[in-house]
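In case you want the letters, here they are:
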Amino acid sequence: MDDSKFFIVGANGQLGTALRQQYPNAKFADVGELDITNRESVDAYDWSDITHVLNAAAYTNVDNAETTEGRVAAWNVNASAVANLAGACTKYDMTLVHISTDYVFDGTRELHAEDEPFSPLGVYAQTKAAGDIVASLIPKHYILRTSWVIGSGPNFVRSIYGLGKRNISPNVVADQFGRLTFTSELVRAIDFLLQ
């Protein structure tokens, strides 16, 4: 598969970094070149040579999404931007690989099914569910749902490790359970789908 025809959105995040390592010829742009939250920016971008858009961009600050500013940012990145990308993918016959989260469910089931109805609880979860709905409506798409993404860069594991190295006892919630999604494994799954 010709990775020079791939475009990575969110290329500087944990997953985006891993995708760039897997697909070294892929294209990507920073927000100055392409603002995915701005429809005019997406419409003006030259998509003519792209076959696959790998959307690793997300607003992931769950707690901050409940604030006034965070709510706006979460909706812009997790829903509106996906709609903009979906429009471009439909117009240019590209495949959208969209990364989502298990937060689109309420956590009452131990295992989730692909056809399980959404039941998002907070703003972050609601915005991700909205993005999933938009992504699912375009002709060519994959939606991968993750939890607790761990890769290069800042993440929960590194934060706790850093606190421990400084002999700081962190206060964290004790009522949440998650399964780590390593970026290396997520990239392997994406590559499998694309092959």
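Within each chain, residue numbers correspond to sequence positions counted from 1 in written order. Where totals are concerned, whole chains, interfaces and linings use all residues; where local detail is concerned, this predicted model gives features only for residues with pLDDT of at least 70, and gives and counts side-chain atom pairs only at 80 or more. With hydrogens and water excluded, all non-hydrogen atoms of the structure serve as input to the side-chain values.

Student: Help me out: how do you make sense of the overall build of the protein chain in this one?
Tutor: A tally of regular secondary structure across the protein chain gives six helices and seven strands. For a compact globule of 195 residues, the expected C-alpha radius of gyration is about 16 Å, and the protein chain comes in at 17 Å, within 12% of that figure. Once the C-alpha set of the protein chain is aligned to its principal axes, its extents read approximately 50 × 35 × 35 Å. Exposure categories follow from relative accessible area, calculated using a 1.4 Å probe and restricted to protein chains: below 20% of the type maximum is buried, above 50% is exposed, and the middle band is partly exposed. Looking at the protein chain residue by residue over its 195 residues, the buried ones come to 38%. Here, two residues are considered to be in contact whenever any of their heavy atoms come within 4.5 Å of each other. Across the protein chain, contacts joining residues at least 24 apart in sequence account for 67% of those joining residues at least 6 apart. For the area figures, the Shrake-Rupley method with a 1.4 Å probe applies, and any residue is considered shielded solely by the protein chains shown. If you sum the accessible surface of the protein chain, you get close to 11,100 Å²; carbon and sulfur atoms cover 52% of it. Two residue types count as positive, namely Lys and Arg, and two as negative, namely Asp and Glu; His and chain ends fall outside the count. One atom stands in for each charge, and that atom is NZ of Lys, CZ of Arg, CG of Asp or CD of Glu. Averaging the locations of the 15 positively and 23 negatively charged side chains of the protein chain gives two centres separated by 4 Å. Counting from the N terminus, the helices are DSSP H or I runs at least four residues long and the strands are E runs at least two residues long. Note that the radius of gyration is over C-alpha atoms, with the globule rule given as 2.2 Å times the number of residues to the power 0.38.

Student: I keep staring at helix α4 (residues 123–136) and nothing clicks. Help me out?
Tutor: Spacing of three or four residues puts side chains on the same side of an α-helix, whose turn is 3.6 residues. Taking 1.5 Å as the rise per residue, α4 with 14 residues should run 20 Å; its terminal C-alpha atoms sit 20 Å apart, in good agreement. Burial runs high along α4: ten of the 14 residues are buried. Within α4, burial applies to Val123, Tyr124, Ala125, Thr127, Lys128, Ala129, Ala130, Gly131, Asp132 and Ala135. Looking at the buried side of α4, the elements it contacts are α3 (68–91), β4 (95–101) and β5 (141–146). To estimate how far a helix should reach, multiply one less than its number of residues by 1.5 Å.

Student: Teacher, can you tell me more about the pairing of β4 here?
Tutor: In the case of a regular strand, side chains alternate between the two sheet surfaces. Across the seven residues that make up β4, a large majority, seven, are buried. In β4, alternate side chains face the same way, and those of Thr95, Val97, Ile99 and Thr101 on one face and Leu96, His98 and Ser100 on the other are all buried. With four bridges connecting them, strand β3 (residues 52–55) and β4 associate as parallel partners. What sits directly across from Val53, in β4, is Leu96. Here a crossover is taken to be right-handed if, once the strands point away from the viewer, the path from the first strand over the helix to the second is traced clockwise. Between the parallel pair β3 and β4, the chain is carried across by α3, and the sense of this crossover is right-handed. Two strands make a pair as long as DSSP finds a minimum of two bridges between them.

Student: Looking at this structure, I do not really get the sheet that holds strand β2 (residues 27–28). What am I missing?
Tutor: Whenever strands of a sheet pair, they do so through backbone hydrogen bonds, lying parallel or antiparallel. Read across the open sheet, the five strands follow the order β2-β1-β3-β4-β5; overall the sheet is parallel. The strands lining the two open edges of the sheet, one partner per strand, are β2 and β5. In this sheet, β2 lies alongside strand β1 (residues 6–9) in parallel orientation, the contact comprising two bridges. Each residue of the ladder has a partner; that of Phe7, found in β2, is Lys27.

Student: Would you take a moment to explain unusual backbone geometry for this structure?
Tutor: Most peptide bonds take the trans form, and the phi angle of most residues other than glycine is negative. At Asp93, a position not held by glycine, the phi torsion is positive, near 55 degrees. By secondary structure assignment, the location of Asp93 is in the loop between α3 and β4. We note that Trp148 has phi near 50 degrees; this positive angle belongs to a residue other than glycine. Mapped onto the secondary structure, Trp148 falls in the loop between β5 and β6 (149–150). For Trp148, a relative accessible area of 32% gives the class partly exposed.

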